[in-house]
Amino acid sequence: MLDWLKNINKEHPEFWKTYLSKFDKKSNRFVVLCTETSGLNPSKDVITSIGSFAVINNNILIGDSFEAVLLQYKFFHDNGLTNEFVVESKMKKLGEAEAIQSLVEFIGNAVLVGHHIDFDVEMINAALERLDCGRLKNEALDIDVMYRKLMDISNKQFSLDELCEIYKIPKSDHNSSSEDAYKIALLFLKLKSRLGLN
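Computed from a prediction, not measured in an experiment: that's the story for all the values here.

## Things to note about the overall build of the protein
When helices and strands are counted, the protein shows nine helices and six strands. A total of 198 residues make up the protein; the buried ones form 45% of that total. Considering only contacts in the protein between residues 6 or more positions apart, those separated by 24 or more positions represent 66%. As displayed, the protein has an accessible area near 11100 Å², and 52% of this comes from carbon and sulfur atoms.

Structure below.
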């Protein structure tokens, strides 16, 4: 049977249909997102943790957040890796399917914000594909691109640490996806106002 015909008739999970139905109207909510992954190849690597916060009306809403450590036992086992980080972490631990479903429900139709956000989106899309879903439909903003646009720089990319240094955002000793998401949110608010974005 033709692949495209299979996809037309494929039954998507209920949470995915609910997600798709939210794009009738534009959102005033931004979701700042950061993932930690086992590597840089969306077709082979997996997400190991997710941290995200909502931003509405120039406020970071700490209570409107989502974070999880993903239990990727099969990946770790297949690649001879240990699960020390997962076992020691105090964050909520979820299987990949449950974590991705919860994340999709959390982000809804919000505009996604991140540092090199295209990579985060690709990793999430790869996980969604494993759940027989489509790809994320959300608009996305990248703080590195925003900074380079503001400064009219086209020949260099900036790391999250470099951007934090430029805008005097304190570094922390232990990095987690949630801490990085919070730093990205602070940078986003500074860049958003300087670029005159609503």
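## A look at the packing of helix α5 (residues 96-107) against helix α6 (residues 117-130)
Relative orientation and spacing of two packed helices are given, respectively, by the angle between their axes and the distance between those axes. Two numbers describe how α5 lies on α6: the axes approach to 10 Å, and their chain directions differ by 120°. Relative to α6, α5 is oriented so that their crossing is left-handed. Side by side, α5 and α6 meet where E96, I100, L103 and V104 of the first sit next to I124, A127, L128 and R130 of the second. Within the contact of α5 with α6, the residues separate by chemical class into six nonpolar, no polar and two charged.

## Overview of the pattern of salt bridges
Taken as a whole and judged by the stated rule, the model has nine salt bridges. Between E122 and R135 there is a salt bridge, with the nearest N and O atoms lying 2.6 Å from each other. Placement of the pair is E122 in helix α6 and R135 in the loop between α6 and β6 (140-142), with a sequence separation of 13 residues. Between K183 and D180 there is a salt bridge, with the nearest N and O atoms lying 3.5 Å from each other. Of this pair, K183 and D180 both sit in helix α9 (residues 177-195), three residues apart, which is roughly one turn of the helix. Among the residues examined, K183 registers a relative accessible area of 5% and is labelled buried.

## Focus: the sheet that holds strand β3 (residues 59-71)
On the basis of which strands lie adjacent, the open sheet formed by six strands has the order β4-β3-β2-β1-β5-β6 and mixed pairing. If you trace the sheet from one side to the other, it starts and ends with β4 (93-95) and β6, each paired once. Within the sheet, the average angular offset between the axes of one strand and its neighbour, ignoring direction, is 30°. As judged from the three bridges shared by β3 and β4, these two strands associate in the parallel manner. By the bridge assignment, L71 is partnered in β4 with G95. Sitting on the sheet, α6 is in contact with β1 (29-37), β2 (47-56), β5 (111-114) and β6, with an inclination near 75° to β1.

Analysis parameters
Residues numbered from 1 in each chain as written. Predicted model: local features only at pLDDT ≥ 70, side-chain atom pairs only at ≥ 80, totals over all residues. Heavy atoms only, no water. Helix = DSSP H or I, 4+ residues; strand = E, 2+ residues; numbered from the N terminus. Buried < 20%, exposed > 50% of the residue type's maximum accessible area, 1.4 Å probe, protein only. Contact = heavy atoms within 4.5 Å. Areas by Shrake-Rupley, 256 points an atom, 1.4 Å probe, with all protein chains shown as cover. Axes fitted to C-alpha atoms, helices over the stretch in contact; angles between N-to-C directions. Left-handed = near helix turned anticlockwise from the far one by under 90°. Nonpolar A, V, L, I, M, F, W, Y, C, P; charged D, E, K, R; others polar. Salt bridge = Lys/Arg side-chain N within 4 Å of Asp/Glu carboxyl O. Pairing = 2+ DSSP bridges.

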